[in-house]
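# Understanding the architecture of this molecule
Okay, here's what each chain looks like letter by letter:
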Amino acid sequence: MLKKMSIRQLSDAQLQGKRALIRVDYNVPLDEDGNVADDARIRATLPTLEYLRGREACLILMSHLGRPKGERVEKYSLRPVAQRLSRLLDLDVAFVEGTTTDEAREASEELKPGDVLLLENTRFDPRETANDPEMARELAALGDVFVNDAFGAAHRAHASTAGVAAFLEPAATGFLMEKELEHLGDLLEAPEPPFVVILGGAKVSGKIDLIENLLDRIDQLCIGGAMACTFLRAKGLETGRSLVEEDLIELAGELMERAGDTLMLPEDAVVAPDMENGSSSSIVGVEEVPEDQMLLDIGPRSAGKFKDIAADARTVLWNGPVGAFEHPPFGAGSRVVTQGLVEATGRGAKTVVGGGDTAAALASFGLTEKVTHVSTGGGAALEFLAGKELPGVAALTEVETT
Ligand code: ADP
Ligand code: MG
């Protein structure tokens, strides 16, 4: 069988004293002062960095941050990330203000074994998102081996994710990439039944391909969040001022028909005039959402059902908060659902959470460690679970395994 080459398969000779060019996903949130607000994505790469340092490689890291649209935008500089990484690794991480500049090249050549250099935001160069081969070649020239640990960026065919691998051999997956592909791959290949999927979030669009790809393999699909409203409308119910994707109501109806009993929608809901008005919220049946109000969370009866279904499953995938959890009290449903996953995990089930906001909800409940896997890649996880090939992964070297 052909498998992507793993970082473990790189020999000492390929690493010792060699320059390892590593694509990471340091697209982290920054606070108002420009400091790293959440360093989970940085910490998630430490096993790969420590491994390579342990094998005396010289580390050259590259990442994007935000959407600077091909020009230098100070607030998207990776400099604060270099500072945080220095703290986490307890060593001086060098930083240069370019990616393929002379300065970057010189800095990469001066590295000693174990040293770490972070290049500036790859998206300051317009050639990055165009997957320009010239940029890919220039990046490749900085290293002797390529390691891709940026699962969160793997669904993009950009110069620093897919392009570079064509010019730099060997090209291998890092530990984070491997972990993500393994956990998410299990959901596609051999999910132990009952396999339960809980979906929520603001929109149906972006999750349709995933539903279509997984529908035949799952035992129960619970839909909450604003996306439930589009399905409720397809059932002929009125949802007041709730977020609805009018153009997807028909498709939601078709999916509902195809899914039959597999699909479960909320029976009750927490409604309010808007998100800011949690204090005037009330609980109603989904068939009685007032005309001038919004459905902002699943109700307690539905949350209890979703929770029990998750708790009894052997495999659970959860993507998208079931309510507007950032605005109390609309996080109650997501909190209850989380409990279901925590219980399932405790009984030995495999529980996987994907999506940036869902991960943030879990973190706000302090329960991140209580599930099997929290994916660091939102869009990448959705595309992978929709059965699509990730260009950043496809570009890596394949090796024979037995
Ligand atoms: P993820 O980032 O985990 O993939 P999404 O981005 O799809 O999740 O959706 C998260 C957003 O959906 C959150 O900001 C949350 O406030 C919002 N949301 C969830 N339920 C509702 C609802 N009923 N009404 C409005 N917004 C909602
Ligand atoms: Mg989101």
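Residues numbered from 1 in each chain as written. Chains lettered and ligands numbered in written order. Predicted model: local features only at pLDDT ≥ 70, side-chain atom pairs only at ≥ 80, totals over all residues. Heavy atoms only, no water.

## Topic: the site of ligand 1
- Residues in close proximity to ligand 1 total 20 residues, the closest being K207, L295, E326, D357 and T358.
- A226 has a polar backbone atom sitting 3.3 Å from a nitrogen atom of ligand 1.
- The separation between an oxygen atom of ligand 1 and a polar side-chain atom of E326 is 2.5 Å.
- Taking 580 Å² as the accessible area of ligand 1 by itself, protein coverage stands at 85%.
- Of all the secondary-structure elements, those providing two or more residues to the shell around ligand 1 are β13 (294-298) and α13 (356-364).
- A class-by-class count of the residues in the shell around ligand 1 yields eight nonpolar, nine polar and three charged. (Near = heavy atom within 4 Å. Polar contact = N/O pair within 3.5 Å; in protein donor to acceptor, adjacent residues only side chain to side chain. Areas by Shrake-Rupley, 256 points an atom, 1.4 Å probe, with all protein chains shown as cover. Helix = DSSP H or I, 4+ residues; strand = E, 2+ residues; numbered from the N terminus. Nonpolar A, V, L, I, M, F, W, Y, C, P; charged D, E, K, R; others polar.)

## Brief notes about the environment of F365
- Turning to its location among the elements, F365 is positioned in the loop between α13 and β16 (373-374).
- When its relative accessible area of 14% is taken as the criterion, F365 is described as buried.
- Expressed as a C-alpha distance, the spacing of F365 and Q339, which sit 26 residues apart in the sequence, is 9.8 Å.
- Residue contacts for F365: discarding those within four places in its chain leaves G331, S334, R335 and T338. (Buried < 20%, exposed > 50% of the residue type's maximum accessible area, 1.4 Å probe, protein only. Contact = heavy atoms within 4.5 Å.)

## A look at the sheet that holds strand β9 (residues 220-223)
- With parallel pairing, the six strands of this open sheet are ordered in space as β10-β9-β8-β14-β15-β16. Strands with a single pairing partner mark the edges of an open sheet, and in this sheet they are β10 (263-264) and β16.
- Note that β9 and β10 share two bridges and pair parallel. Paired with L221 across the bridge in β10 is L263. (Pairing = 2+ DSSP bridges.)

## Looking at the side chain of E178
- For E178, the location among the structural elements is in helix α7 (residues 175-189).
- Side-chain polar atoms of E178 contact the side chain of R8, separated by 2.7 Å.
- Non-local contacts of E178, meaning those with residues more than four positions away in its chain, are made with S6, I7, R8 and T173.

## A few points about the sheet that holds strand β5 (residues 116-118)
- Strand order in the open sheet made by the six strands is β4-β5-β3-β2-β6-β7, with parallel pairing throughout. A single partner strand is all that each edge strand has here, and the edge strands are β4 (93-95) and β7 (171-173). Across the sheet, the mean angle from the axis of one strand to that of its neighbour is 25°, orientation sign disregarded.
- Each of β2 (19-23), β3 (58-62) and β5 is contacted by helix α5 (residues 102-110), which is oriented at about 165° to β5, the strand it contacts most. (Axes fitted to C-alpha atoms, helices over the stretch in contact; angles between N-to-C directions.)

## Concerning helix α14 (residues 378-385)
- The element α14 is largely enclosed, with a buried count of six among its eight residues.
- Those residues of α14 that sit buried are G378, A380, A381, L382, F384 and L385.
- Along its buried surface, α14 packs onto α7, α8 (208-214) and β14 (315-319).

## Overview of the layout of surface pockets
- Taken as a whole, the second largest pocket holds about 690 Å³ of empty space.
- Lining the second largest pocket are 21 residues, with K3, K4, L181, F384 and V393 positioned closest to its centre.
- Secondary structure elements with two or more residues in the lining of the second largest pocket: β1 (2-4), α7 and α15 (391-394).
- Of all the elements, α7 adds the most residues to the lining of the second largest pocket, at seven residues. (1 Å grid on protein atoms, 1.4 Å probe; cavity = no way out; pocket = protein on both sides within 12 Å on 5 of 7 lines; lining within 4 Å. Points joined across faces, edges and corners; volume = space filled by probe spheres on them.)

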